[in-house]
Amino acid sequence: MDYKKIRVKDVFVVGSALFAMFFGAGNLIFPPYLGVVSGSKWWITFLGFLFADACLSLLVIISLTKFNGEMDALFDIVGKRFSKIMGSVIVICIGPLIAVPRTAATTYEVAILPTIGSGFDRIIFSVIFFAIVLALTIKPAKVVDIVGQYLTPVLLISLAILIIKGSISPLGEISNRVLIEGGLFSRGIKEGYQTLDSLGAFVFASVIIASLVDRGYKDERIKVRAAITAGVVTVIGMLLVYGGLAYLGATVSSKYGADIDSTALLVAITHGLMGNLGKILLAIMITLTCLTTAIGVTSSCGLFFSRLSKNKFSYEKVVLIVCILSAIVSNLGVTQILKFALPILLVVYPVALTLVILGLFSKKIKDRLVFRIATATSLIFNFTVVVSGLVGNKTIIDLVSKFPFSSLSFEWVVPVFISVAIGLILSKKNNEDINYIEETVENIETID
């Protein structure tokens, strides 16, 4: 039976599940650092971070409800080949290129170095870490489900204690200095991109939509409403956790500079508020959370590429390749992974978001020409901007900085909007030409 009303229990269950999917150990390291570099204005960078992480993730899921949660169905509008490439890029980003290696790097820097020390070689650790991931991914064990089921509540309770204690007894005074160049909100958006939650939403959407359908929400309108409501629960949870962590970072902004390592900062705050016990507790939770995240994402990569290759690359082979590549990349360390990841994400995110926004109006925009022109514009524009920044082309950078919304890192919005308008005009003209030809043919047949 289709539910016409949204049940509170369903909203909280699905919303909590969505939060658990998005909430990984990697997300913990960004908000405190934003608090340090923005000081008393920590709330501005935090809002940018929340927007790029939680709000855009929710937007992705809402858009994909119109495609039964399948990203392939959305990307197919542009073309089958594009769909395969775009889907592969997203899965590689949340897999062996950025997210999965970062789980091992974060575990080493937050859990191993502060407790065991640098005597435990990073390379040896990465081999052990991904050997465990490989074993539990190829042959899933109940321990993974247990860790995933009970770890998130324990971690959240521990973080709540940490945040409350840090609010009641701050570690220092909040500095009025700002240690970053450019807009604060824009910096928050860029750090929010680094969580990869919005890209992960393309993969998680099918699970969330399937869960809603199983609970009786089959009508599209009620399904969208249920997804939005559950997403609001997730956003509220992220707001409280990320906001609290950003504030903790702001309380030590007078002690640290912009050169402080984000993982070292998290360890220092935890140790300052809870002592050695807190540092050990954090190490255990980070290790288990990172393992759970790595196992889940690696499994998703295996399923995606085995299906894409029509099982020419088996699930087991893909998982093995992902683990090997992730182990290699993880040895770069969290800081270096974040550095090379950002330019890639600044190209991928706008393209993905362009399609997500157009997907919301897919029933009104019936010509795929509009999708193709907008996607090409987003890709070419953002690729040019990112490359110009990397090679130091000030002419293009200065020009782009004058675009509307550039201070918010959304300088691509107006060019894409114009391309959509052009696409709609061309689409309308094509339809008129087609109608004219059809009418002419009908008239000729009538005369004959």
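Predicted model, so just to flag it, every value in this text is computed and none were measured. (Residues numbered from 1 in each chain as written. Predicted model: local features only at pLDDT ≥ 70, side-chain atom pairs only at ≥ 80, totals over all residues. Heavy atoms only, no water.)

Student: Explain the environment of Ser362 here, please?
Tutor: With respect to the helices and strands, Ser362 occurs in the loop between helix 15 (334-360) and helix 16 (368-391). C-alpha of Ser362 to C-alpha of Ser63: the two residues are 299 residues apart in sequence and 9.2 Å apart in space. Look past the residues within four positions of Ser362 in its chain and what remains in contact with it is Lys66, Phe67 and Phe371. Within the structure, Ser362 has its side chain in polar contact with the backbone oxygen of Gly359 (distance 3.1 Å). (Helix = DSSP H or I, 4+ residues; strand = E, 2+ residues; numbered from the N terminus. Contact = heavy atoms within 4.5 Å. Polar contact = N/O pair within 3.5 Å; in protein donor to acceptor, adjacent residues only side chain to side chain.)

Student: Would you mind showing me how to read unusual backbone geometry here?
Tutor: Glycine aside, negative phi is the norm for most residues, and most peptide bonds take the trans geometry. Its identity is not glycine, yet Asn68 carries a phi of approximately 60°, on the positive side. The exposure class assigned to Asn68 is partly exposed, which follows from its relative accessible area of 47%. A positive phi angle is found at Leu196, which is not glycine, with a value near 65°. (Buried < 20%, exposed > 50% of the residue type's maximum accessible area, 1.4 Å probe, protein only.)

Student: Quick question: what am I supposed to make of the packing of aromatic side chains here?
Tutor: How two aromatic rings sit relative to each other is set out by the distance from centre to centre and by the angle between their planes. By the definition in use, this model includes 17 aromatic pairs. Ring geometry for Tyr193 and Tyr349: centres 4.2 Å apart, planes at 15°, overall stacked. Placement of the pair is Tyr193 in helix 10 (residues 184-194) and Tyr349 in helix 15, with a sequence separation of 156 residues. When its relative accessible area of 1% is taken as the criterion, Tyr349 is described as buried. Through pairs of rings, three or more aromatic residues link up here, namely Tyr108, Phe120, Phe125, Phe129 and Phe130. (Phe/Tyr/Trp six-rings, centres within 6.5 Å; stacked < 30°, edge-to-face > 60°.)

Student: In this structure, what is going on with the packing of helix 13 (residues 262-308) against helix 14 (residues 315-330)? I would like to understand it.
Tutor: The angle between the axes and the distance between the axes are what describe a pair of packed helices. At a minimum axis separation of 8 Å, helix 13 and helix 14 run at an interaxial angle of 130°. In this view, helix 13 runs oblique relative to helix 14, as classed from their interaxial angle. Viewed along their axes, helix 13 and helix 14 form a crossing whose handedness is right-handed. Across from Thr298, Ser299, Cys301, Gly302, Leu303, Phe305 and Ser306 in helix 13, the residues of helix 14 making contact are Tyr315, Val318, Val319, Val322 and Cys323. Broken down by class, the residue content of the contact of helix 13 with helix 14 amounts to eight nonpolar, four polar and no charged. (Axes fitted to C-alpha atoms, helices over the stretch in contact; angles between N-to-C directions. Parallel < 35°, antiparallel > 145°, perpendicular 65-115°, else oblique. Left-handed = near helix turned anticlockwise from the far one by under 90°. Nonpolar A, V, L, I, M, F, W, Y, C, P; charged D, E, K, R; others polar.)

Student: Teacher, can you tell me more about the packing of helix 4 (residues 42-64) against helix 12 (residues 220-251) here?
Tutor: Remark: helix 4 packs on helix 12, axes separated minimally by 9 Å, with the N-to-C direction vectors making an angle of 155°. Viewed along their axes, helix 4 and helix 12 adopt a mutual orientation that is roughly antiparallel. Considering the relative orientation of helix 4 and helix 12, their crossing is right-handed. Per-class residue counts for the contact of helix 4 with helix 12 are 19 nonpolar, two polar and one charged.

Student: Any chance you could explain the side chain of Ser306 here in plain terms?
Tutor: The residue Ser306 is located in helix 13 in this model. Residue classification places Ser306 among the buried residues on the basis of a relative accessible area of 10%. From its side chain, Ser306 meets the backbone oxygen of Gly302 in a polar contact 2.8 Å long. The residues contacting Ser306, other than those within four sequence positions of it, are Asn311, Phe313, Ser314, Tyr315 and Val318.

Student: Explain helix 11 (residues 197-214) here, please?
Tutor: Because each turn of an α-helix spans 3.6 residues, side chains separated by three or four positions end up pointing in the same direction. Given a rise of 1.5 Å per residue, 18 residues ought to cover 26 Å, and the 24 Å separating the end C-alpha atoms of helix 11 matches this to within 8%. Along its length, helix 11 reaches its greatest deviation from straightness, about 50°, at Val203. When helix 11 is considered as a whole, its buried residues turn out to be Asp197, Ser198, Leu199, Gly200, Ala201, Phe202, Val203, Phe204, Ala205, Ile208, Ile209 and Leu212. A positive phi of about 105° marks Gly216, the residue just after helix 11. (Expected span 1.5 Å × (residues − 1). Bend = angle between axes of the 7 residues up to and from the residue.)

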